[in-house]
Each structure stands twice: as C-alpha cells, then as structure tokens.
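What follows is each chain in one-letter form.
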Amino acid sequence: MIFYTSMTKYFINFLIIMVSLTFLGGCTKENGDNEKDQISQKDIAYLPQNDAEIQRYNIEIRKKQTLQRFPCDTISLMEFVLDNFPEGSYLVTEDRTSTYELAEPAVLYYPSDRNYVFGVVARSKPGERLIEVKNIVGYDQSYIDLDSTELGTAFFYLVLFKCENGFFKVIWETPIPSHGGYNYISIQKWHRYSIDFIKTNFHYAQGVGNISYNYFLVDGLEKAPHLLMTYEGINFKRTIADVNYDRYPDYFEHIYYDDGSRITPSDSIPFIWNQKDSVYQNLFNKKHTRPY
C-alpha cells in the first residue's frame, strides 16, 4: 500500500513537470513568433521599396473597382506622386465624417479649369520610419504634433498639378506648417477682391478647435500663393480681414478672458501684411510680428 502511494505520487509529479515544460515551450515559441512579427513590421516601416509595392497594389485594386476613368483622374495622380515624389510620399486622404464612408483622396479640381488640380501630399522625414496616412488624418491624430517621432514625422505640402496631353506636371508646391490632424481641402473666395483661396483645414484637439491654412491666389493660379493662417477654438480665434485695403488679406486676433469658469470675448487686434518684410505686423505694435 505504501509502495502504491509512492508510485502514484511519483507519476503525478512526473505529469506535472511534463505539462509545465510543454506549456513553457509553447509560450516561448509564441513569444518568439510575436517578436518576429514585431521585427518584421519594424523592418517594413523602414523599407520604402516594400512600401511602394503596397501602394502600387492598392492602386491596381482601385483601378479594378473604378467603372469610369478619364485622363488625369485621381488614380493617375496617385501614380504620379508615387513615381515622381521622394520615397515615403503619399497623396493624403480626407478625414471621414462617418465610420462607413470611404476615405477620399485630398484632391481638388479647379472649377474654372479642370486641367489644374490641387492635392495635399505628405512626405516622410528622411532617416525616420515611414509615415502612415491613417496616423496623420483625423481629430485624434492632431496630437501627433506633441511627439511624432515614434510614428514618423509627416511634412505636408499643397501642390498644384497641371494636366497636359494626359500627363501631370508640378506647377508649384508650398509647405503646410502642420504634422498631423488633417481634415479637408476646399476652395473659397475672398469676395472683397474676388480672389480665390485654397483652404486646408486641420483638427486641433489640444485646443478643442481647428486650424486653417489659407492659400490666396493673389498673383494668379500659376504663381506661388500667399499663406494666411486662421483658427478657432474654445478660447482663441483669428479671422480674415481687410484692414489696410490692399489685395493681401489681413486678420483680427480675437482676445478672450478666461477665469477658469467662464470664457468672455475681450478685444481684437488687427494684423496687416507687411509686404516689404514678408510678415504680419501688429497695427499697434510693429515689433509684434507673425510669419503667416
């Protein structure tokens, strides 16, 4: 009886040890596979060639799903950016207003001449991991301005393309001073002087608001535009104005009093465009300037 009990205990202990080794071995293999997946994903983020192949594949899928095409359409523009812009460049997509709609490319055909096409292009910072469009578009992605290095740093550009004989060429490109939180592009008109401007709007989650970078076509379509930034949030606001009656837009900086429990409009300060120094200047304090 004693012998039987000892053998039973021995057998049970042996089973426990074997099960433990099997479990540990499985965990080790699973952990190893996870590490390989993480390393693989990390490598892809630093390989522009692989990224370009994925882009081309997605473009081919879009071609198959598009029933009607025309010369210099959006798909052609996506291919042009992929073939002619630096590695890690992307035609940005608009922020979706609902969960179920498709994200549309940030492309705007000029209404009076559709041979001219505006597009928002984002470039990856050389030496860092490649950016992903999903990380730079939308309200939550506006926080990327705080620390964008882990997800790659995006540099935005507004680009004017022209379609000639079925092929694109770049007329001009100008930086958009933001790194994330892209929302939409639209064409507006400054009715005071009947000047068109391209509005690129970005979410600003830190201030519960939005920022617009407005590109005024003061010298015509094919000349580099003039940039004026406007914004609006819970306790800040800047609006377009015409203070000194010239073709360059000015703005009012609105001042709010915030005592922690109530936000009250207080004052507004006019800033005018100083063409000689290429800065916006406080009308009452010329030392107080802003670049845009």
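First, a word on scope: everything that follows refers to the structure included in this document.

Conventions adopted
Residues numbered from 1 in each chain as written. Predicted model: local features only at pLDDT ≥ 70, side-chain atom pairs only at ≥ 80, totals over all residues. Heavy atoms only, no water. Helix = DSSP H or I, 4+ residues; strand = E, 2+ residues; numbered from the N terminus. Buried < 20%, exposed > 50% of the residue type's maximum accessible area, 1.4 Å probe, protein only. Contact = heavy atoms within 4.5 Å. Areas by Shrake-Rupley, 256 points an atom, 1.4 Å probe, with all protein chains shown as cover. Expected span 1.5 Å × (residues − 1). Polar contact = N/O pair within 3.5 Å; in protein donor to acceptor, adjacent residues only side chain to side chain. Salt bridge = Lys/Arg side-chain N within 4 Å of Asp/Glu carboxyl O. Core = buried A, V, L, I, M, F, W, Y, C linked by side-chain atoms within 4.5 Å. Disulfide = S-S within 2.5 Å. Pairing = 2+ DSSP bridges.

1. Let's talk about the overall build of the chain
Here's step 1: Across its full length, the chain carries 3 helices and 14 strands.
Here's step 2: Across the 292 residues of the chain, 40% fall into the buried class.
Here's step 3: Long-range pairs, those at least 24 residues apart, make up 49% of the contacts in the chain between residues at least 6 apart in sequence.
Here's step 4: Roughly 17900 Å² of accessible area belongs to the chain as shown, and the carbon and sulfur atoms make up 54% of that amount.

2. Side note on helix H2 (residues 48-65)
Here's step 1: Helix length check: H2 (18 residues) gives 26 Å between terminal C-alpha atoms against 26 Å at 1.5 Å per residue, within 8%.
Here's step 2: In this structure, the buried side of H2 is in contact with helix H3 (74-84) and strand S1 (89-91).

3. Let's talk about the side chain of Asn214
Here's step 1: Following the sequence through the fold, Asn214 ends up in strand S8 (residues 209-216).
Here's step 2: A polar contact is formed between the side chain of Asn214 and the side chain of Thr230, at a distance of 3.0 Å.
Here's step 3: For Asn214, the residues in contact, after removing those within four places along its chain, are Phe197, Ile198, Lys199, His226, Leu227, Leu228, Met229 and Thr230.

4. A few points about the pattern of salt bridges
Here's step 1: Summed over all chains, the structure comprises 14 salt bridges.
Here's step 2: Across the pair Glu132 and Lys134 runs a salt bridge, and its minimum N-O distance is 3.7 Å.
Here's step 3: Exposure remark for Lys134: the relative accessible area of 60% places this residue in the exposed category.
Here's step 4: A salt bridge links Glu222 to Lys162; the shortest N-O distance between them is 3.6 Å. Placement of Glu222 in the loop between S8 and strand S9 (226-232) and of Lys162 in strand S4 (residues 154-164) is noted, with a sequence separation of 60 residues between them.
Here's step 5: Since its relative accessible area comes to 18%, Lys162 is described here as buried.
Here's step 6: Ionic contacts of the salt-bridge type, sharing partners, join the residues Lys162, Glu164, Lys169 and Glu222 into one network.

5. Some remarks on the nonpolar core
Here's step 1: Counting 34 residues, the largest nonpolar core has Phe118, Phe156, Tyr182 and Ile185 as the members making the most contacts within it.
Here's step 2: Every element with two or more residues in this core is listed here: strand S3 (116-124), S4, strand S5 (167-176), strand S6 (182-190), strand S7 (195-204), S8 and S9.

6. What about the state of the cysteines?
Here's step 1: Under the criterion given, the structure shown has 1 disulfide.
Here's step 2: Disulfide partner of Cys72: Cys163, at an S-S distance of 2.0 Å. The sign of the S-S torsion, about 75°, decides the handedness of the disulfide formed by Cys72 and Cys163: right-handed. With Cys72 in the loop between H2 and H3 and Cys163 in strand S4, this residue pair connects regions lying 91 residues apart in the sequence. Take Cys72 and Cys163: they sit in the same class, and that class is buried.

7. Concerning the environment of Arg129
Here's step 1: Assignment of secondary structure puts Arg129 in the loop between S3 and S4.
Here's step 2: When the C-alpha positions of Arg129 and Ala45 are compared, they lie 5.3 Å apart, and in sequence the two are 84 residues distant.
Here's step 3: Engagement of the side chain of Arg129 in a polar contact is seen with the side chain of Glu132, the distance being 2.8 Å.

8. Structural notes on the sheet that holds S9
Here's step 1: Strand order across the open sheet formed by 9 strands is S6-S7-S8-S9-S10-S11-S12-S13-S14, with antiparallel pairing between neighbours. Here the strands that pair on one side only, and so sit at the sheet edges, are S6 and strand S14 (289-290).
Here's step 2: Sheet topology note: the S7/S8 ladder contains 8 bridges and is antiparallel. Within S8, the residue paired with Ile198 across the bridge is Tyr215.

9. Brief notes about the pairing of strand S13 (residues 279-282)
Here's step 1: Along S13, one buried face is formed by Val279 and Gln281 and the opposite face, lined by Tyr280 and Asn282, is buried too.
Here's step 2: Pairing of strand S12 (residues 263-274) with S13, which is carried by 4 bridges, proceeds in the antiparallel orientation. Bridge pairing links Trp273 to Tyr280 in S13.
Here's step 3: Connecting S12 to the next strand, S13, in antiparallel fashion are 4 residues, including Ser278 with a positive phi near 55°.
Here's step 4: Of the pairings in the sheet, the one linking S13 to S14 comprises 2 bridges and is antiparallel in character.

10. Here's the deal with unusual backbone geometry
Here's step 1: A positive phi is found at Cys72, a non-glycine position, where the angle reads about 60°.
Here's step 2: Of note in the backbone geometry, Asn165 takes a positive phi value of approximately 55° without being a glycine.
Here's step 3: When you line up the elements, Asn165 lands in the loop between S4 and S5.
Here's step 4: Asn165 gets classed as exposed once you look at its relative accessible area, which sits at 75%.

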